[in-house]
Amino acid sequence: MADPSSYRPKPGQIPDTPGVYRFRDEHRRVIYVGKAKSLRQRLANYFQDLASLHPRTRTMVTTAASVEWTVVSTEVEALQLEYSWIKEYDPRFNVKYRDDKSYPYLAVTMNEEFPRVQVMRGHKKKGVRYFGPYGHAWAIRDTVDLLLRVFPVRTCSAGVFKNATRTGRPCLLGYIGKCSAPCVDRISPEDHRELADEFCDFMAGRTGTYLRRLEKQMMEAAEEMEYERAARLRDDIEALKKAMEKNAVVLADATDADLIAVAEDELEAAVQIFHVRGGRVRGQRGWVTDKVEDVTTGALVEHALQQLYGEETGDAVPKEVLVPALPEPVEPVQEWLAVRRGSNVSLRIPQRGDKKALMETVQRNAQQALALHKTKRASDLTTRSRALEEIADALDLDSAPLRIECYDISHLQGDDVVASMVVFEDGLQRKSEYRRFQIKGFAGQDDVRSMHEVITRRFRRYLAEKERTGEWVEDDTPSTLTDTSAPADTSALTDAGEPTNAGAPTDTDTAAHMGNGAPADSGAPADNGAPADVGASTGAETDGDGRPINGFKDDDGRPRKFAYPPQLVVVDGGRPQVAAAKRALDELGIDDIAVCGLAKRLEEVWLPEDDDPVVLPRTSEGLYLLQRVRDEAHRFAITYQRTKRAKRFRSGPLDDVPGLGETRKQALIKHFGSVKKLRSATIEQIQEVPGIGRKTAETIAAALAQAAPAAPAVNTATGEIMDDREDEAPETTADASGEPVPAGAPDDRRGQER
């Protein structure tokens, strides 16, 4: 615990101007970001007597080891910079709202030639119009189903659209009148876009125009005795009115406004937002946060406004924002909102009338959300605390393992050997810390050696970070960073270490966590390039200036790979794997990290020095947590292994040609028909393909000449030798998991992956 007086700036050093300040801990991590109209007055508040500070503020200043600040010219700039830094550094002591669910939106893809109406979640995309958010996806689908009678806009996916275009037959919606079928040219792109614009106008609240127009058309059809057409128009009007009834009128003056309410106690706060457009509630969402700092209701409102509108521009920021308390001062926040919208924004507290009554409704929703969250969290927090305590007691640890890392090896009979590292903090998944490894230090199947290599690589980089930050003295442990057991050719030790989308769910509805709006296991940029010499003094990856590429980026406080040590390392396996992990830590001189292994068959917990395993009760919360950690590591590893295997199966001779992308590869195959014909073509013939110059043609010819042609295919039923089909993927079947397995693979190989 640091003494705040040890890093308190000297009198006169802090300027009396607007600015943004950052507190850092002893590892140079940014732990708190704040803004101030006067940096001198605000920072002086943090260096009072500790007894007079709020408990959470006291925890923050004693955790910090330094403070720094950046001067700006206006309070609006300070607000913008504070928001940017909170997004960039993710400081642990700042208020961070977290969505209680991934809210679905009704989206219209106006950036496509034929706009599509669909349900979307996650980050908003440029050129797409969003309406909502809605509480449930089925509510969007019900509304769209009603509106398609009047606005038959395309709703199909790109694959269905292309297939319909190819076959010349629309989908079912095209036959029943709920799609204008642009895929078969029943409507021009211009008319379809106009139809999509009308759909958006109706969803934006401009409903009266369309109702009056349809009523006029219905009356004209009746006068002309076109009763069937009049009946269809009557049904269309009823469909529009039914869709409008789903959002009752709450403000009679067709107001566009967002109403924000806050319910709070000493520890947590819940925020509820109602989006009102055209006087009707068009969407609702909510957030919950831990009050890790001493904040007022106005400050909570300010943080909510930053999260709600920080990435929005234009009409996404309404003309009016109603709140329970105003930020202090309010002028910079109003000016910031006006910049985001492009025109003035009214930020005020409703005093009377319909708006005050609606604010009371939003407030009741916030109170119920907070009560429900506390009920759920109380049970969950108690369970996780008991699980960590049981693990600490069973493994004889000094304290509960707040950070647990688990490692697993996956391969298919020695091919595509990979490893995974998953992280649980306080009993919860920390997906941004997940890492993946490629095992290339040796060939073949050896789980024990693979585990030793992975543990060595992970903690060598941790020690290199400690050395760089001055936390570790080389003279005390001269051989700590030397990996004597690693292979001589360390260029093969490349990490594929990728984190997934922090906080994103793993279910397929919102998977795209991982990241990374991406799929759950897609991970982060590859951490390639292991040290050039294992026997070097650091043994860690370095950048162009010789600095280790791990921990943090150039002391700027951003969390990076392998920066934090765990209290417990769990390996998927029994005594051999545990012994390998312990040996790797001993070789690196690390003796303050506990190691255990969880064997699958009997769910026994193995410790390095014990001959007999630790057997936890089947009803133990500690055992359940270890199983979750182990199973998550296995899932993460086997998904990566399958990805690598599928990529290898799909590879062909053209994949080895440098500088040749997918577009030009497809153009070559389309032009020549097969790789066999391409191999026999001359350089001049290859140049005839659009986008292929002479230099590229020479490279292609040379690469194909070096590649050995595949053996001819044989019809096993007749013994007939068939023509080569090198451009086609090898014949495969599927194993029990749905993954492809080569047709020629032995039966005992199929499904035998770990």
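Heads up: the structure comes first, above all this text.
Residues numbered from 1 in each chain as written. Predicted model: local features only at pLDDT ≥ 70, side-chain atom pairs only at ≥ 80, totals over all residues. Heavy atoms only, no water.

**Examining the packing of helix H10 (residues 297-309) against helix H11 (residues 331-341)**
Reasoning step 1: With their axes 12 Å apart at the nearest point, H10 and H11 run at an angle of 10° to one another. When the axis of H10 is compared with that of H11, the two are roughly parallel. The residues of H11 that touch H10, namely those facing Glu302, Leu305, Gln306 and Tyr309, are Val333, Trp336, Leu337 and Arg340.
Reasoning step 2: Here the contact of H10 with H11 is built from residues that sort into five nonpolar, one polar and two charged. (Axes fitted to C-alpha atoms, helices over the stretch in contact; angles between N-to-C directions. Helix = DSSP H or I, 4+ residues; strand = E, 2+ residues; numbered from the N terminus. Parallel < 35°, antiparallel > 145°, perpendicular 65-115°, else oblique. Contact = heavy atoms within 4.5 Å. Nonpolar A, V, L, I, M, F, W, Y, C, P; charged D, E, K, R; others polar.)

**Here we look at the sheet that holds strand S3 (residues 66-71)**
Reasoning step 1: Spatial strand order, S2-S1-S3: three strands in an open sheet with antiparallel pairing. For this open sheet the edge positions go to strand S2 (30-36) and S3, each flanked by a neighbour on one side alone. Averaged over all pairs of adjacent strands, the angle between their axes in this sheet comes to 20°, without regard to strand direction.
Reasoning step 2: The pairing of strand S1 (residues 19-24) with S2 spans six bridges and is classified as antiparallel. Its bridge partner lying in S2, tyrosine 21 is registered against glycine 34. (Pairing = 2+ DSSP bridges.)

**Let's talk about the sheet that holds strand S5 (residues 105-108)**
Reasoning step 1: Spatial strand order, S6-S5-S7: three strands in an open sheet with antiparallel pairing. Of all strands in the sheet, those with a lone pairing partner are strand S6 (117-120) and strand S7 (129-131), marking the two edges. On average, each strand axis in the sheet is tilted by 35° relative to the strand beside it, whichever way the strands run.
Reasoning step 2: Sheet topology note: the S5/S7 ladder contains three bridges and is antiparallel. Residue pairing across strands places alanine 107 opposite tyrosine 130, the latter belonging to S7.
Reasoning step 3: Running at roughly 150° to S5, helix H7 (residues 189-203) makes contact with S5, S6 and S7 of the sheet.

**Description of the pattern of salt bridges**
Reasoning step 1: Applying the stated rule across the entire model yields 27 salt bridges.
Reasoning step 2: The partner of arginine 630 in a salt bridge is aspartate 631, with the nearest N and O atoms 2.8 Å apart.
Reasoning step 3: Judged by relative accessible area, which is 3%, arginine 630 ranks as buried.
Reasoning step 4: Among the salt bridges present, the one from arginine 635 reaches glutamate 632, with a minimum N-O distance of 2.7 Å. Here arginine 635 and its partner glutamate 632 are both found in helix H15 (residues 621-650), three residues apart, which amounts to about one turn of the helix.
Reasoning step 5: The class for arginine 635 is partly exposed, based on a relative accessible area of 24%. (Salt bridge = Lys/Arg side-chain N within 4 Å of Asp/Glu carboxyl O. Buried < 20%, exposed > 50% of the residue type's maximum accessible area, 1.4 Å probe, protein only.)

Without other data, these values stay purely geometric and don't point to any function.
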